[in-house]
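Fold and contact review
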Amino acid sequence: MGFILRMITGSRWYDLDDDSWVPSGDIHGDPLSDFRTRENVLSVWFIENDKSNLERVAAAYATSRGKLDQIDFVLLPDNLLPPDIQMKAVVAKTCDKIANECWHRDLVQLTGQRIVALARQFYREGYKKEEMGRYDHSYIATLIKQGIERSEIDPKRLSATLRTDIESVA
Amino acid sequence: MSSHPSTLLDKTEKEAPLSELLPQSILKLLALFLYGQGKIYFQLPTATQFVLALDKSRATLLRSALANSHWSGSSNTKNPTDFLISDEFVSRDKTLKPTAETTNSSIKIVCSHTSSTELPIIWNLEPLNEIEILFETARGEVFEYGAESSFSKDLVSIVQKYGNVAILEIANLMIHGKVDLDVAHEALRWLGRVRDTDTHGFRLWLLKHCLSSSSAKVRDGAIQGLAFLGDLAGKPALAEAAQREKNIFLRTYMEKVVATLDQKKQWASS
């Protein structure tokens, strides 16, 4: 038992409280932008039931970016993943080797209907259950610095722009 | 009265070159408002005063910006007390009768500081077109956290190029609902990230102003911008906005940013 984490852009989600116009069983259109696939695959992360690896995953993900920025995410209990969606462990390419190997997942063979079903589950069972969060950029900088100190994150692999951004945060 | 820039200043009223009367940054603002309004009335009652009449929306913005920001413009300008703003409209020339609208929206700016810098190009009409086009063409662009967008790159470049003129025109577009909400959200985030001391005060003002927007997206962009700006002067506005925020996600985020700024204050004083 654990959670599936999807990185999102919070501004597409937190304004969804007015669903009076949304047909029953359907979902607002905006959050679908956070489920754009590449080669029919969607990248997600596995989060332990006690969320003990949540911050480490967030920091790892942030190291794959070009700029220091906040992280918004939504969590779905893994047992509520739509049954026809396949999940595979695939090594990610962040600067945290353990996170890459242990917690990254790909959702594969996604079709249009499966994507909508997935987004709907994240909305109903994640967003609506307040399993949505944000780490602001300064906290992410702190997490990355801690990751480097603990030798979890390889600083040599950080992009130059990200490194500059992190250094500029007091 | 002609609206052509070169005819706006009556030679008989020209007691001193404008460049000696006004800081360069104010001259740039005049250029912006001149173009935005299509016409403008100058009066030079004394060597250090002038009155301008402009459309209500820009007058309100300029008044608010000057009153609520630390003026960190060019080195010619020392501090915000250089400017006194009033609703009074003084017309010495009876041929320049202001309309009811311009009377209501006029601003008198008294400059106690003078400059001897060269007369800048004040009739540059580029900023308005460029800024409007930038925001218009960004509609539909999908923005991602942690990555520069072509919009954000151009925005930063425009702010660095046009300074406070750009900030005021962006404010004018945003506050009057002329900007797509996703674009406004992205713009506010990046306005907080720009490293430019000249526009710091006006950017802070705009970000604080947008905390009161009716759009949650705009408010979120403003919070993120203030978080990036990292200026303790944004804290009271954030704390106040947190108290009235109904969206629990945004309220929690505002409180976190306030706490981060508090922490910063502690570090600074320790």
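Residues numbered from 1 in each chain as written. Chains lettered and ligands numbered in written order. Predicted model: local features only at pLDDT ≥ 70, side-chain atom pairs only at ≥ 80, totals over all residues.

**What to know about the overall build of chain A**
A tally of regular secondary structure across chain A gives 5 helices and 6 strands. Counting from the amino terminus, chain A carries its helices and strands in the arrangement β-β-α-β-β-α-β-α-β-α-α. Taken over C-alpha atoms, the radius of gyration comes to 16 Å for chain A, in line with the 15 Å a tight globule of 170 residues would show. For chain A, the C-alpha atoms occupy an extent of roughly 50 × 30 × 30 Å along the three principal directions. Scored against the burial criterion, the 170 residues of chain A give a buried share of 37%. Pairs at least 24 apart in sequence give 80% of the contacts found in chain A among residues at least 6 apart. (Helix = DSSP H or I, 4+ residues; strand = E, 2+ residues; numbered from the N terminus. Rg over C-alpha atoms; globule rule 2.2 N^0.38 Å. Buried ≥ 20, exposed ≤ 12 C-beta atoms within 10 Å, placed from the backbone. Contact = placed C-beta atoms within 7 Å.)

**Brief notes about the pairing of strand E3 (residues 71-77) of chain A**
Residue and element names in this part refer to chain A. Counting buried positions along E3 gives 6 out of 7 residues, so the element sits mostly inside the fold. As paired strands, strand E1 (residues 2-8) and E3 are joined by 6 bridges and run antiparallel to one another. Note that in E3 the partner of Leu5 across the bridge is Leu75. Of the pairings in the sheet, the one linking E3 to strand E6 (residues 132-135) comprises 4 bridges and is antiparallel in character. Residue pairing for E6: Ile71 is matched across the bridge by Tyr135. (Pairing = 2+ DSSP bridges.)

**Some details on unusual backbone geometry**
All names here are of chain A. Even without being a glycine, Asn40 presents a positive backbone phi close to 65°. Structurally, Asn40 can be placed in the loop between E1 and strand E2 (42-48). With 12 C-beta atoms packed within 10 Å, Asn40 lands in the exposed category. Of note in the backbone geometry, Glu130 takes a positive phi value of approximately 60° without being a glycine. Positionally, Glu130 belongs in the loop between helix H3 (112-127) and E6.

**Observations regarding helix H11 (residues 235-244) of chain B**
Residues and elements named next belong to chain B. Buried within H11 are the following residues: Ala237, Leu238 and Ala241. The arc that holds the buried residues of H11, viewed along the axis, is 100°, so those residues lie on one side. Away from its buried face, by an angle of more than 90 degrees, H11 presents the exposed residues Pro236 and Gln243. (Arc of directions from axis to C-beta.)

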